[in-house]
Amino acid sequence: MYPAPSARFVAALSESYVPVTVVELHWPDGSVTVVPHTGGSVAVDRGSAVRRTATVESADRSLLPVSAADFLAVAGARLRIRRGMMLDGQPVTVPVFTGRIDSLDGDPEVGPVSIAATGLEAAVADARFEAPYSTRTQAAAVTSITALIRDVLPDAVVASTAPDTVLGPRTWDADSDRWEAIQEIATAVEAEVFADADGVFRIDPLPDVLTAPVAWEAAAGERGALISASTGWSRGGLYNVVVASGENAEADTPPVSAVAEDDDAGSPTWVGGPFGRAPMFYSSPTLTTTALAQQAANKLLADARRPAFTADITALPNPLLEPGDVLRVVYGDGRRTLHQVQALDVDLGVGGPVTLQLLGGKEDA
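Every value quoted in this text rests on a predicted model; they were computed, and no experiment measured them.

Novice: So what about the sheet that holds strand β17 (residues 279–283)? Which residues, and what values?
Specialist: Sheet architecture is open: three strands sit in the order β16-β15-β17, paired in mixed fashion. In the strand order of this sheet, the two ends are held by β16 (253–261) and β17, each with one partner. Between one strand and the next, the sheet's axes are offset by a mean angle of 15 degrees, whatever the strand orientation. As defined by bridge partners, strand β15 (residues 241–248) adjoins β16 across seven bridges and the pair is classed as antiparallel. Counterpart to G246 in the pairing with β16 is V256.

Novice: Tell me about the packing of helix α4 (residues 141–150) against helix α5 (residues 178–187), residues and numbers included.
Specialist: The geometry of α4 relative to α5 is characterised by a closest axis approach of 9 Å and an angle of 165 degrees between their N-to-C directions. Taken as axis vectors, α4 and α5 run roughly antiparallel relative to one another. Here α4 runs over α5; the crossing is left-handed. Side by side, α4 and α5 meet where A141, S144, I145, L148 and I149 of the first sit next to R178, I182, I185 and A186 of the second.

Novice: Give me the pattern of salt bridges: which residues, what numbers.
Specialist: Counted according to the given criterion, the structure contains 15 salt bridges. Across the pair E15 and R223 runs a salt bridge, and its minimum N-O distance is 3.2 Å. Linking E15 in the loop between α1 (7–12) and β1 (19–26) with R223 in the loop between β13 (216–219) and β14 (226–233), this pair joins segments that are 208 residues apart in sequence. By relative accessible area, E15 is classed as partly exposed at 27%. The exposure class assigned to R223 is exposed, which follows from its relative accessible area of 58%. Through salt bridges with shared partners, a single network forms among R8, E15 and R223.

Novice: Pulling in residues and values, what's your account of the nonpolar core?
Specialist: If you look at the biggest cluster of nonpolar residues, it comprises 46 residues, and the most contacted ones within it are V42, L79, I81 and I115. Among the elements that make up this core, the one with the highest residue count is strand β6 (residues 90–106) (five residues). Not counting the four nearest positions on each side in its chain, V42 is found in contact with R52, T53, A54, I81, V96, F97, L344, D345, V346 and L348. L153, W172, A181 and I203 belong to the second-largest nonpolar core, a separate cluster that totals 43 residues.

Novice: Can you explain α5? Please cite residues and give values.
Specialist: Across the 10 residues of α5, eight count as buried, placing the element largely inside the fold. Those residues of α5 lying buried are R178, W179, A181, I182, E184, I185, A186 and T187.

Novice: Summarise the sheet that holds strand β9 (residues 158–160); cite the residues concerned and give the values.
Specialist: Taken in spatial order, the three strands line up as β9-β12-β11 in an open sheet, and their pairing is mixed. In the strand order of this sheet, the two ends are held by β9 and β11 (192–195), each with one partner. Here the average twist between neighbouring strands, direction ignored, is 20 degrees. As judged from the three bridges shared by β9 and strand β12 (residues 201–204), these two strands associate in the parallel manner. Bridging across to β12, V158 finds its partner in F201.

Novice: Tell me about unusual backbone geometry, and please be specific about residues and values.
Specialist: Non-glycine residue D88 carries a positive phi angle of around 55 degrees. With respect to the helices and strands, D88 occurs in the loop between β5 (78–87) and β6. In this model, R223 sits at a positive phi of 65 degrees, which is unusual for a non-glycine residue.

Novice: Break down the packing of aromatic side chains for me, citing the residues and quoting the values.
Specialist: For the structure shown, the criterion picks out three aromatic pairs. Counting every residue linked through ring pairs, the aromatic cluster contains F129, Y133 and W172. Residue placement shows R51 over the ring face of F194; its charged tip is 3.9 Å from the ring centre. The side chain of R335 reaches across the aromatic face of Y331, ending 4.3 Å from its centre.

Conventions used here
Residues numbered from 1 in each chain as written. Predicted model: local features only at pLDDT ≥ 70, side-chain atom pairs only at ≥ 80, totals over all residues. Heavy atoms only, no water. Pairing = 2+ DSSP bridges. Helix = DSSP H or I, 4+ residues; strand = E, 2+ residues; numbered from the N terminus. Axes fitted to C-alpha atoms, helices over the stretch in contact; angles between N-to-C directions. Parallel < 35°, antiparallel > 145°, perpendicular 65-115°, else oblique. Left-handed = near helix turned anticlockwise from the far one by under 90°. Contact = heavy atoms within 4.5 Å. Salt bridge = Lys/Arg side-chain N within 4 Å of Asp/Glu carboxyl O. Buried < 20%, exposed > 50% of the residue type's maximum accessible area, 1.4 Å probe, protein only. Core = buried A, V, L, I, M, F, W, Y, C linked by side-chain atoms within 4.5 Å. Phe/Tyr/Trp six-rings, centres within 6.5 Å; stacked < 30°, edge-to-face > 60°. Lys NZ or Arg CZ within 6 Å of the ring centre and 35° of its normal.

Printed below as a string of structure tokens:
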């Protein structure tokens with residue numbers, strides 16, 4: 001969860017407040033335009049390669065480009081959005097989106113102007129390898145990922161809580177997807193890579209719903225944030241066994257492999273239970289030791305198991321939430337469950353209820 005400006009801010013999320021949204025265009029020359037807006041939203045989804053997308057509606061027709069120079073400026077512009085509330089007569093906001101402008105369009109006579117933007121992952125993904133690319137000189141995981149990002153965005157801020165483990169050298173062919181290469185490296189150290197609401201590229205392990213602290217509670221009843229909920233279970237896309245392997249001809253290392261399986265007898269996808277065994281297989285030259293293969297298998301198993309139990313809840317908006325945050329949901333009958341946030345929307349209008357897509361339900365005592 002994004003750090004709260006204050007404890008008062010968190011408490012006020014379940015109260016009546018005046019919402020505040022600030023939309024800014026940051027131009028390549030360093031200038032900033034505050035955009036008056038009439039609506040819009042930010043969509044956040046951990047399951048998408050580009051985690052955040054944004055749309056903004058504005059009545060300011062001067063934003064529309066009319067010359068070649070204007071179009072070039074728009075192509076290099078970034079959109080920044082902050083969301084919050086009035087507290088003690090002052091606007092208090094937190095970032096909910098930083099990304100590039102993908103399109104500006106509208107009627108130049110009457111408007112409105114529609115702005116569409118995508119997170120900074122899109123810039124990296126667009127920069128496919130133009131020639132074969134090797135990590136031989138930068139074989140450590142975090143170092144390699146940072147180089148791959150900064151080759152495209154030299155000023156990118158990269159922060160990591162993952163280990164900078166040395167991996168096997170890996171060469172990608174020309175026309176390969178740079179962002180997929182980054183995710184492959186991250187998998188070897190049980191991490192994922194994404195651009196956060198502030199535009200910082202994060203290299204982090206996903207929090208474990210079993211051990212991570214609860215980021216927020218959505219409870220039914222008076223002064224609670226929960227409005228409604230629906231829950232379900234599906235085996236679609238589920239695996240409970242992962243076999244990860246690696247063989248690296250460049251490093252002349254022998255083949256390695258490791259297996260991770262759901263050995264929790266209390267899990268609906270337990271390998272010894274009625275779900276049965278459903279294996280998936282993964283291979284990467286970056287995995288040159290059994291330990292690296294085991295880490296990759298563990299990470300992929302955690303991803304594969306998580307969708308087993310799902311919940312969609314309608315709740316009061318919380319601009320601090322991030323995918324991967326652990327939420328406690330307290331129902332009207334007193335039942336409590338823990339989930340991880342998979343996807344959410346941030347409304348840029350009056351701040352009505354939002355729907356959160358949650359995964360990995362677990363009873364919370």
